[in-house]
Amino acid sequence: MLLDTASLYFRAYFGVPDSVRAPDGTPVNAVRGLLDFIARLVQDHHPDDLVACWDNDWRPHWRVELIPSYKAHRVAVETETGPDEEETPDTLAPQVPVIMDVLDALGIARVGADGYEADDVIGTLTGRATGPVDIVTGDRDLFQLVDDARGRRVLYPLKGVGTLQVTDEAWLREKYGVDGPGYVDLALLRGDPSDGLPGVPGIGEKTAAKLLDTFGDLAGIMAAVDDRTAKLTPSQRKRLDEARDYVAVAPKVVRVASDVPLPDFDPALPSEPRDPATLDELAAQWGLGGALTRLLSTLHR
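The rules behind the values
Residues numbered from 1 in each chain as written. Predicted model: local features only at pLDDT ≥ 70, side-chain atom pairs only at ≥ 80, totals over all residues. Heavy atoms only, no water. Helix = DSSP H or I, 4+ residues; strand = E, 2+ residues; numbered from the N terminus. Buried < 20%, exposed > 50% of the residue type's maximum accessible area, 1.4 Å probe, protein only. Contact = heavy atoms within 4.5 Å. Lys, Arg positive; Asp, Glu negative; His and termini not counted. Charge placed at Lys NZ, Arg CZ, Asp CG, Glu CD. UniProt positions renumbered as here; feature names shortened; annotations may be inferred. Polar contact = N/O pair within 3.5 Å; in protein donor to acceptor, adjacent residues only side chain to side chain. Axes fitted to C-alpha atoms, helices over the stretch in contact; angles between N-to-C directions. Parallel < 35°, antiparallel > 145°, perpendicular 65-115°, else oblique. Nonpolar A, V, L, I, M, F, W, Y, C, P; charged D, E, K, R; others polar.

1. So, the overall build of the protein chain
Argument step 1. Check the secondary structure of the protein chain and you find 13 helices and eight strands.
Argument step 2. By its C-alpha atoms, the protein chain is 70 × 45 × 35 Å across when sized along the principal axes.
Argument step 3. Expressed as a percentage of the 301 residues in the protein chain, the buried residues total 50%.
Argument step 4. In the protein chain, of all internal contacts separated by at least 6 residues, the share reaching a separation of at least 24 is 65%.
Argument step 5. Charge separation in the protein chain, taken as the distance between the mean sites of 31 positive and 50 negative side-chain charges, equals 8 Å.

Given below as structure tokens:
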């Protein structure tokens, strides 16, 4: 089981009231919400391995070089050397280091790589896996990794993590008319305002799905632009022709990396905390209470 950790702690932050606080009054709603999410996922799905995948760089420079608008609207502070700072709610940002410390003390593998997003870590670990993989994320971009033959599916939270949309190839075809790899082509044609991806103007989700159904893939669609006998409307042909530069680079931006250099780590789900003394200190300092107790009880089974 691979967790898109930031996606989940953002959901926890907005789903758990900020009246959930540490003894010193600091909000810990994201921390406690994430611990409850993990406990529920382990209880319901019984993974052998669990990896909290991390955004060491939420907006990698190599993606921005290709599409400068990529996540540009979410930049709080631009930096010359390291990753740009992302706009994050004031009461969430201080909780992220606490989440890191708690996961480390529990012994839950937390894996990231400089210059890459958690999505890329997930793509790499999914490719390496020899057995089934469940990817837990609220990010539809990862639908591209769905592969029934290899047991790869996405668990997409609809309400907390108690109600998950199990995304397999049948669901993708029913909803979008594509398989996992086809979702990359659909996403880049449609665009995604939340990620600053412009898409091809005038080509929405339904049109993109119809074009992919007719011409097979992005390469087939672009070949049709040059084939005057192909069944494209004049408007579609014009818009796609004008978007050639975008279409040439967008696949590299949208497609998750599969070859990220990762550190050595143990993905095995722990049955006991790695560092009980530190965990006790964190629990007392941050008032982790029942959320931590429930997770420890679930891990111990």
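2. Brief notes about the UniProt feature "domain: 5'-3' exonuclease" (unreviewed entry) in the protein chain
Argument step 1. The feature "domain: 5'-3' exonuclease" (unreviewed entry), as annotated in UniProt, sits at residues 1-271 in this numbering.
Argument step 2. Its end C-alpha atoms 16 Å apart, residues 1-271 is made of 43% helix and 11% strand.

3. Here we look at the side chain of Asp 195
Argument step 1. Mapped onto the elements, Asp 195 comes out in the loop between α7 (180-190) and α8 (205-215).
Argument step 2. For Asp 195, a relative accessible area of 7% gives the class buried.
Argument step 3. Discounting chain neighbours no more than four positions away, the residues touching Asp 195 are Ser 69, Tyr 70, Lys 71, His 73, Arg 74 and Asp 141.

4. Quick notes on the side chain of Gln 95
Argument step 1. Tracing the backbone through its elements, the reader meets Gln 95 in helix α4 (residues 95-106).
Argument step 2. Overall, Gln 95 belongs to the buried group, its relative accessible area being 1%.
Argument step 3. A distance of 3.4 Å separates a polar atom in the side chain of Gln 95 from the backbone oxygen of Pro 27.
Argument step 4. For Gln 95, the side chain forms a polar contact with the main-chain nitrogen of Val 31, separated by 3.2 Å.
Argument step 5. Contact partners of Gln 95, with chain neighbours within four places excluded, come to Tyr 13, Pro 27, Val 28, Asn 29, Ala 30 and Val 31.

5. Some thoughts on the packing of α8 against helix α9 (residues 218-226)
Argument step 1. One way to put it is that α8 packs onto α9 with a least axis distance of 8 Å and a crossing angle of 85°. Here α8 lies roughly perpendicular to α9, going by the angle between them. Note on element contacts: α9 touches α8 through Leu 218, Gly 220, Ile 221 and Ala 224, opposite Leu 211, Leu 212 and Phe 215.
Argument step 2. Of the residues that constitute the contact of α8 with α9, the class distribution is six nonpolar, one polar and no charged.

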